[in-house]
Amino acid sequence: MNPLSDRINNLSTSQTLAMAALARELKAQGKDIISLSLGEPDFNTPDFVKEAAKKAIDENYSTYTPVEGYLELKEAICRKFKRDNNLDYTPSQIVVSTGAKQSLYNIAQVMLNDGDEVILPAPYWVSYFEIIKLSGGTPVEVPTSVDTDFKITPEQLEAAITPKTKMMWFSSPCNPSGSVYSREELTALAKVLEKYPNIYVVSDEIYEHINFSGTFCSIGSIPGMLERTITVNGVAKAFAMTGWRIGYIGGPEFIAKACTKIQGQVTSGANSIAQRATIAAVDADPSVLKHMVDAFHSRRDLVVGLLKEIPGIKINVPEGAFYVFPDVSAFFGKTLKGTEIKDATDFSMYLLAEANVATVTGDAFGNPNCIRFSYATSEDLLKEALRRIKEAVTTAEVLA
């Protein structure tokens, strides 16, 4: 008899974390692994943010925090939403959590009943599917491809809606594809949603500042969408604060109150020092991030250029985040140096074994034809990783 719950037995392990753990294990064994699996900036947290944290320690911010976050931080988040996203929120509509992942889990727990359907444009971030499933919801995947820059159309959205549809979740810029929806594209999706006023939207904007398109639009800023959109963000990616564990939402007040209620029974308020540091981060002009964004932009161009030189790999040009999501289906059914490649998982594991490069299978993101590379590492390592990959897959059999 298995003493563990059906809930945990039916939950899948995060493929990104699993691949990162495997890469670390192989490194510990002495193998020269280049890991392109984790989505973590390779920059340091800005000094002015660290100074704010030091000041908070000196000022003894060491007691329990309000469940929904410090008022000063919520006010700063409201200013940030207005400045960067043209979103008008009040502090009562903001909830600060222990990372954006908890923000998403809170939303699913307070919004979904058993059988409620959630539309997921695929590819999607790995945890969306499992969080929705864990909360009783039914994920409804809407496939896209490299040929459409991994974006869904209004027609696809309309076709996916049923009487059971409760929500749509998506990210822009997208993890894993790097796709960025334009205002025009979001307006077209909002036109469809106008006909279905009971459907809520979760807009994950954690990568908004790592954006090479020149513009960014929050779907909540489209007329008629603010009242039905929960905007999720945080400081992990743009400010290189992954370990500080601060995420937040802005949304309808009744949803914010519900998220506070559940958080009060699970983790209570987020870390006090990290919250004080986050005030400095969200109040900062986004121009302080230019050096990091420029570096990612340069790496994007490097990686896309090198991938285009590898026969069999099909790639588009992502407009944001720090990922590429090439289609590798041309290798399916082939044998590479004695290894049969049946799917993206086989291909990803082959690269780990043959090239000593860790990637993540697209199966984890709802697209079985692709794999994800993170280019959040140095250009020298990226060049070496792509050299190894090219050598591993460029064989006479594949080129025939």
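It should be emphasised that the depicted structure is a prediction, and the values quoted were computed from it without experimental measurement.

> Any chance you could break down the overall build of the protein for me, citing the residues and the numbers?
Each helix and strand in the protein was counted, giving 14 helices and 14 strands. Expected size for 400 residues packed as a compact globule is a radius of gyration near 21 Å; at 21 Å, the protein falls within 12% of this value. Along the first, second and third principal axes, the C-alpha atoms of the protein reach 65 × 55 × 55 Å. Residues classed as buried in the protein amount to 55% of the 400 residues present. Counting contacts in the protein only where the partners sit at least 6 residues apart, residues at least 24 apart contribute 74% of the total. Accessible surface, the protein as shown: approximately 16,900 Å² in total, 52% of it carbon and sulfur.

> Can you tell me about helix α6 (residues 126-134), naming the residues and giving the values?
The set of residues buried in α6 consists of V126, S127, Y128, E130, I131 and I132. Count one or two residues on from α6 and you reach G136, which has phi positive near 95°.

> Could you give me a rundown of empty space enclosed by the protein, with the residues and numbers involved?
Enumeration according to the criterion identifies two cavities of 30 Å³ or more in this entry. Approximately 70 Å³ is the volume found for the largest cavity. The wall of the largest cavity is formed by 14 residues, among which K80, H209, F239, Y248 and V282 lie closest to the centre. Listed by contribution, the elements that provide at least two residues to the lining of the largest cavity are α4 (71-85), β7 (229-234) and α10 (272-283).

> Describe the sheet that holds strand β5 (residues 165-171), listing the residues and the values that go with them.
With mixed pairing, the seven strands of this open sheet are ordered in space as β2-β8-β7-β6-β5-β3-β4. If you trace the sheet from one side to the other, it starts and ends with β2 (94-97) and β4 (138-143), each paired once. When the angles between neighbouring strand axes are averaged without regard to direction, this sheet yields 20°. Sheet topology places β7 next to strand β8 (residues 247-250); four bridges connect them, and they run antiparallel. The residue bridging T231 from the neighbouring strand is G250, located in β8.

> Explain helix α8 (residues 183-193) residue by residue, including any values.
Three or more residues of α8 are buried, namely L186, L189, A190, V192 and L193. Along the axis of α8, the buried residues cluster in a sector spanning 150°; they form a single face. Those residues of α8 that are exposed and angled more than 90 degrees off the buried face are E184 and K191. On its buried side, α8 packs onto α7 (154-160), β5 and β6 (200-204).

> So what's going on with the packing of aromatic side chains? Residues and values would help.
Applying the stated criterion across every chain yields a total of 17 aromatic pairs. Measuring from ring centre to ring centre gives 5.7 Å for F81 and Y248, while their planes differ by 80°; the resulting arrangement is edge-to-face. In this pair, F81 is assigned in helix α4 and Y248 in strand β8, connecting sequence segments 167 residues apart. The same class applies to F81 as to Y248, namely buried. On the basis of an interplanar angle of 90° and a centroid distance of 5.9 Å, the ring pair of F325 and F365 is categorised as edge-to-face. Here F325 is found in the loop between β9 (323-324) and β10 (334-336), whereas its partner F365 is found in the loop between β13 (360-361) and β14 (371-374), with 40 residues between them in sequence.

> Describe the nonpolar core, with residues and values.
If you look at the biggest cluster of nonpolar residues, it comprises 100 residues, and the most contacted ones within it are I107, M167, W169, L307, F347 and V393. With seven residues, helix α11 (residues 290-308) is the largest single contributor of residues to this core. When residues of this core are assigned to domains, at least three fall in each of domain 1 (6-44 + 289-395) and domain 2 (47-285). Contacts of M167, omitting those with residues within four sequence positions, involve I107, M111, L112, E117, V118, I119, I199, Y200, V202 and I230.

> Would you mind going over the packing of helix α5 (residues 100-111) against α6 in detail, with residue names and values included?
The angle between the axes and the distance between the axes are what describe a pair of packed helices. For the pair α5 and α6, interaxial distance at closest approach is 9 Å and the crossing angle is 35°. Crossing of α5 against α6: the hand is right-handed. Between α5 and α6, the residues in contact are K101, L104, Y105, A108 and Q109 and S127, Y128, I131 and L134, respectively. Considered class by class, the residues forming the contact of α5 with α6 number six nonpolar, two polar and one charged.

> How would you sum up the state of the cysteines? Please name residues and give values.
A complete count under the given rule lists zero disulfides for this structure. Here C78 is not disulfide-linked; the sulfur of C259 is the nearest cysteine sulfur, at 15 Å. For C259, a relative accessible area of 1% corresponds to the buried category.

Conventions we followed
Residues numbered from 1 in each chain as written. Predicted model: local features only at pLDDT ≥ 70, side-chain atom pairs only at ≥ 80, totals over all residues. Heavy atoms only, no water. Helix = DSSP H or I, 4+ residues; strand = E, 2+ residues; numbered from the N terminus. Rg over C-alpha atoms; globule rule 2.2 N^0.38 Å. Buried < 20%, exposed > 50% of the residue type's maximum accessible area, 1.4 Å probe, protein only. Contact = heavy atoms within 4.5 Å. Areas by Shrake-Rupley, 256 points an atom, 1.4 Å probe, with all protein chains shown as cover. 1 Å grid on protein atoms, 1.4 Å probe; cavity = no way out; pocket = protein on both sides within 12 Å on 5 of 7 lines; lining within 4 Å. Points joined across faces, edges and corners; volume = space filled by probe spheres on them. Pairing = 2+ DSSP bridges. Axes fitted to C-alpha atoms, helices over the stretch in contact; angles between N-to-C directions. Arc of directions from axis to C-beta. Phe/Tyr/Trp six-rings, centres within 6.5 Å; stacked < 30°, edge-to-face > 60°. Core = buried A, V, L, I, M, F, W, Y, C linked by side-chain atoms within 4.5 Å. Domains from an automatic or database assignment. Left-handed = near helix turned anticlockwise from the far one by under 90°. Nonpolar A, V, L, I, M, F, W, Y, C, P; charged D, E, K, R; others polar. Disulfide = S-S within 2.5 Å.

Worth remembering: the numbers are spatial, not functional.
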